[in-house]
2 protein chains.
Amino acid sequence: MVSSIAELISDRIGAMPAGERRAAQTLIANYPLTGLKTVAEFSAAAGVSSPTILRFVARLGFQNYPEFQSALQDELAAQLQSPASRTLNPGSAGGAASPMLEATLDNLRETFRHLTDKQLTDIAARLAERRGKTFLIGGRFTDPLARYMAAHLAIIQPDVYHLAGQESIWRDRLIDMGKRDVLVIFDIRRYQESLVRFAEKAHHRGVQIILFTDQWLSPIARFARHVIAGRTAVPSAWDSSAALFVVAETLIGAVTRQLEAAGAKRIRDLESLR
Amino acid sequence: MVSSIAELISDRIGAMPAGERRAAQTLIANYPLTGLKTVAEFSAAAGVSSPTILRFVARLGFQNYPEFQSALQDELAAQLQSPASRTLNPGSAGGAASPMLEATLDNLRETFRHLTDKQLTDIAARLAERRGKTFLIGGRFTDPLARYMAAHLAIIQPDVYHLAGQESIWRDRLIDMGKRDVLVIFDIRRYQESLVRFAEKAHHRGVQIILFTDQWLSPIARFARHVIAGRTAVPSAWDSSAALFVVAETLIGAVTRQLEAAGAKRIRDLESLR
DNA sequence: CAAAATACGTAACATAAGATACAGCGCTCC
DNA sequence: GGAGCGCTGTATCTTATGTTACGTATTTTG
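Structural notes, computed from the coordinates. (Residues numbered from 1 in each chain as written. Chains lettered and ligands numbered in written order. Predicted model: local features only at pLDDT ≥ 70, side-chain atom pairs only at ≥ 80, totals over all residues. Heavy atoms only, no water.)

1. As for the pairing of strand 3 (residues 182–187) of chain B
Residue and element names in this part refer to chain B.
Here is step 1: Taken across its 6 residues, strand 3 has 6 buried, putting it largely inside the fold.
Here is step 2: The side-chain alternation of strand 3 yields two buried faces, one formed by Val182, Val184 and Phe186 and the other by Leu183, Ile185 and Asp187.
Here is step 3: Of the strand pairs in this sheet, strand 1 (residues 134–138) and strand 3 are connected by 5 bridges, and their pairing is parallel. Across the sheet, Phe135 pairs through a bridge with Leu183, a residue of strand 3.
Here is step 4: Here strand 3 pairs with strand 4 (residues 208–214) via 6 bridges, running parallel. Paired with Val184 across the strands is Ile210, a residue of strand 4.
Here is step 5: With helix 11 (residues 193–204) bridging strand 3 and its parallel neighbour strand 4, the resulting β-α-β unit is right-handed. (Buried < 20%, exposed > 50% of the residue type's maximum accessible area, 1.4 Å probe, protein only. Helix = DSSP H or I, 4+ residues; strand = E, 2+ residues; numbered from the N terminus. Pairing = 2+ DSSP bridges. Right-handed = clockwise from strand over helix to strand, strands pointing away.)

Next up, the structure:
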């Protein structure tokens, strides 16, 4: 049995022509609001013509557009009256996504529970402090996180470098690093030998290391000035980096705030370069 | 300042004539649904005539009925998009990290609320279906997500390629793409012209496109077979990719499960190569 | 209690909404 | 490469929705 219209749509979205599928996707994207507007507005939002919307509605089994809207309204009414059911889509409540999502939400909460506000502020201050350069590097699966963070930091301040490619390449960059510089490392199980070696050498050169790792702590923690331990356990064969990702975003936010004045100017300058 | 229309009504309900007061009470009774219906339905529900409804709406300060409805819809949209962040994590109030984390948790819940289990399963099936190749690409800030997903997918199946570097480089890879292939694109505001062009060309070659975007839908949605719309709003100048990241991880998990048998063997083989 | 003012509903109107017919286009299949 | 089918958009039409004018009822006030 099909309980919600959203469900009905995703059931049939596969058997729809391109235009109607766009309509479906637009509706799902912010459900159910688009469906409560007029046909003209709906069609404009989806980028198709009005008849396509009507055909889409007809394909879902409704006689006409008002009938479709009534159905949406009834559904909304039911949802608004039992706020408990609002927490999650009933379709995905028992589905495959749920355990994964639940685990991730738990990881996030747990990670931030063990993370004091002071820690974040300190690290952000260290990153915002523009005395030296900032380098970022990650392991096999966490390198994208380093990239992501580098891309954002590079916007609000100069001298941000992501170390990529061959081990030999970033090893050679060591020569540019000194006491005033910061090295952000992402390393979760299984910890990478090459990263540990790199971290050790950087540490000996006096580089300040900020480590993103899992709750079991990479051996790099030994050399790190700041350690962020994220929860990574999810019901799967591999480890989740979601918690670390969110911490990274939070830090980016904190740094942005600290650099407000200088950062804003820099962003304006960047805009004008385009 | 009056934030919600409900508040506005209860402010002025004292100064209303009997008929309009009935209208007000009816609307409040199951707010805001009655207000989204037609004037005729509203008047029937309240047991008054249509002009009374219009006078009521006018008294609230709206020029006409559609304007009133738009206001209700906007309010509803705001309500639906930040579902009760206060219900969860009441303990962690206060810190600098908190607003960011709250927003991210909301984004996650909301993103998955709009994502049916069937959608995820379908997309995972498409990715697990080893008929052709899988290409992944992302925009300026989302490219790391493409990398991350590529790194994981590459472990459990062959023919997974991340498109990196110069636009000209990946444009040339188009020549390798055909009907049997899948292209995963990450694109959030501000949508990248180059990616749209690339998607269009790939689409014309018959490539199946899976799009990760924000709730406003990248123009690429037009060419996409599957669209995943994540919430990106956080209290900061930029957009958060955390929700998309978690969806990506969930998908990786789903694909892993579908490829269980074949994937396990592949992982063992990889291990023995080290 | 009477007179005035206000509120309300009926009915006619204008407008904008949804529905439909049709032609062009792209796609698929021979 | 050509014929057929199906999808999509433009333009037209129809419906019903929101709006307004006006007369009646009701309440309020002197």
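Now that the structure is up, let's keep going.
2. What about helix 1 (residues 5–12) of chain A?
Here is step 1: For helix 1 of chain A, the set of buried residues is Ile5, Ala6, Leu8, Ile9 and Ser10 of chain A.
Here is step 2: Between the side-chain oxygen of the N-cap and the backbone nitrogen of Ala6 of chain A there are 3.4 Å, and the N-cap of helix 1 of chain A in question is Ser4 of chain A. (Polar contact = N/O pair within 3.5 Å; in protein donor to acceptor, adjacent residues only side chain to side chain.)

3. Some remarks on the interface of chain B and chain A
Here is step 1: With 66 residues of chain B in contact, the opposing surface of chain A contributes 65 residues.
Here is step 2: Summing the contributions of chain B and of chain A, the shared interface buries around 6100 Å²; its carbon and sulfur component is 61%.
Here is step 3: Its largest share of buried area at the contact with chain A, chain B owes to Arg113, Phe141 and Trp238 of chain B, together 10% of the area lost on that side.
Here is step 4: Applying the counting rule to chain B against chain A returns 0 salt bridges.
Here is step 5: At the junction of chain B and chain A, the tally comes to 13 residue pairs in polar contact (both at pLDDT 80 or more).
Here is step 6: Secondary-structure elements contributing two or more residues to the side of chain B that touches chain A are helix 3 (33–36), helix 6 (65–81), helix 7 (97–113), helix 8 (117–128), helix 9 (143–156), strand 5 (226–230) and helix 12 (242–258) of chain B.
Here is step 7: Per-class residue counts for the side of chain B that touches chain A are 33 nonpolar, 17 polar and 16 charged. (Contact = heavy atoms within 4.5 Å. Buried area = accessible area lost by both parts, 1.4 Å probe. Salt bridge = Lys/Arg side-chain N within 4 Å of Asp/Glu carboxyl O. Nonpolar A, V, L, I, M, F, W, Y, C, P; charged D, E, K, R; others polar.)

Distances and angles like these do not, on their own, reveal function.
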